[in-house]
Amino acid sequence: MDRRQWFKSSGAVLAGLACSSQITAASADGPAPATVRSGPVRLSLNENPLGPSAAAIQAMQEKAAEVCRYALTDSRTFLTMLAEKEGVPPEQILVGSGSGEVLEAYGASLGSAGGDVVTAWPSYRQLVGAMERQGSTVVEVPLNARKELDLDAMAAAITPTTQCVYICNPNNPTGTTVAPEKLRNFVIEVSQRVPVFVDEAYLECADDFANQTMGGLVAAGHNVTVSRTFSKIYGMAGQRIGYAIAPAGLAKSVRPLITGGTNLLALVGAQASLADAAYVETMRLKIKAGRDALIAVLDELGCAYAEPQGNFVFLRSSVPIAEFRPAMRAEGVLVGRAFPPYDDWCRISIGTPEEMTVAHAALREVKAKFA
Ligand SMILES: Cc1ncc(COP(=O)(O)O)c(C=O)c1O
């Protein structure tokens with residue numbers, strides 16, 4: 001069977017799974033989950049098709065008939081749960097329709113003062129983009145040679161007009177993290193001058209979350225905001241729920257800009273996920289196994305990559321991404337967009353083992369094509 005025939009047959013298996021409408025969720029010891037999508041394997045958006053937790057699916061199913069009600073009680077329960085988890089009062093928590101809504105609201109609030117915002121480049125752009133739309137100038141500090149945030153250069157880029165420093169850790173799209181002690185010192189020092197925002201959307205996927213999270217600095221009263229999402233390790237991207245913990249004054253000024261209110265099923269799914277004690281560690285290990293298997297293929301192909309800690313890998317395609325991407329698509333795999341200035345690099349998300357088998361084969365095929 002040649003590569004194309006093989007892809008077609010594996011595509012048929014995936015499509016068959018999709019059509020069966022059997023949604024198998026990830027559970028602590030359960031079987032590998034089945035994909036629920038047909039068509040090409042989507043590894044372009046850093047979703048987590050290994051999730052959500054079986055407990056979250058069950059909780060959402062059980063609550064489905066109650067969507068006629070506003071989610072008042074569940075909102076309060078969720079806030080209490082988050083406050084306990086993060087060690088801050090509920091007033092310091094901002095819940096949004098995905099953490100993206102919180103980034104938007106925070107950016108809209110701080111950007112209205114104009115000035116500038118310091119960020120790494122390339123990095124996730126939602127918060128700084130929101131500030132830019134309000135009139136702030138975005139100061140983009142290049143990554144270092146290992147494609148990590150250059151904290152010294154970022155500190156040096158702060159001026160008297162800087163309104164905020166945005167840190168994405170692990171960084172999207174490179175997946176790299178910064179040394180925890182270095183980041184902690186940076187946040188403590190810099191936050192005395194300007195508010196710092198640490199986006200930890202992918203941090204639960206990384207080794208040693210407890211040592212790496214900056215959440216404790218919010219609880220300790222520093223001028224730092226930390227955001228988290230249920231879209232990544234919790235596998236609930238479509239449900240749109242995330243949050244940030246922020247200094248009380250900042251939370252108060254940002255909250256009115258969060259306009260929607262969280263939907264009931266997202267709230268109960270997120271609550272059940274948090275209550276599923278084994279879930280995060282089990283999922284972290286599955287994602288790490290997916291990363292390690294992908295890295296093994298990259299090593300075999302002699303392909304460079306940035307040290308990954310999220311649910312994705314940033315690898316050197318060696319040919320322009322504008323050519324590499326359609327070639328991967330032709331092999332049945334959607335990969336990330338261009339992230340200039342790294343125009344011959346490519347971001348691939350970690351999918352299910354079945355999806356990754358298709359991705360590994362596509363990489364071998366495409367690399368051979370461009371050799
Ligand atoms: C670093 C980072 N932060 C925040 C988000 C927003 O995610 P969501 O709105 O689904 O929580 C994303 C989405 O990909 C992201 O990569």
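Procedures and definitions
Residues numbered from 1 in each chain as written. Predicted model: local features only at pLDDT ≥ 70, side-chain atom pairs only at ≥ 80, totals over all residues. Heavy atoms only, no water. Domains from an automatic or database assignment. Contact = heavy atoms within 4.5 Å. Buried area = accessible area lost by both parts, 1.4 Å probe. Salt bridge = Lys/Arg side-chain N within 4 Å of Asp/Glu carboxyl O. Polar contact = N/O pair within 3.5 Å; in protein donor to acceptor, adjacent residues only side chain to side chain. Helix = DSSP H or I, 4+ residues; strand = E, 2+ residues; numbered from the N terminus. Nonpolar A, V, L, I, M, F, W, Y, C, P; charged D, E, K, R; others polar.

(A) Representation of the domain arrangement of the chain. Partitioning the chain into structural domains gives domain 1 (3–55 + 278–370) and domain 2 (58–275). For domain 1 versus domain 2, the distance between C-alpha centres works out to 26 Å. Each side of the interface is counted separately: domain 1 has 29 residues, and domain 2 has 29 residues. Across the interface of domain 1 and domain 2, roughly 2,300 Å² is buried in total on both sides, 58% from carbon and sulfur atoms. Counting across the interface, domain 1 meets domain 2 through one salt bridge. The salt bridge involving Arg284 is made with Asp207; its shortest N-O contact spans 3.5 Å. For the interface between domain 1 and domain 2, the tally reads 16 residue pairs in polar contact (both at pLDDT 80 or more). Put simply, the parts of the chain that give the side of domain 1 that touches domain 2 at least two residues each are helix H2 (54–63), helix H12 (279–301), strand E9 (312–316) and strand E11 (345–349). Ranked by the residues each element gives to the side of domain 1 that touches domain 2, the list is headed by H12, at seven residues. Of the residues belonging to the side of domain 1 that touches domain 2, the class tally is 17 nonpolar, seven polar and five charged.

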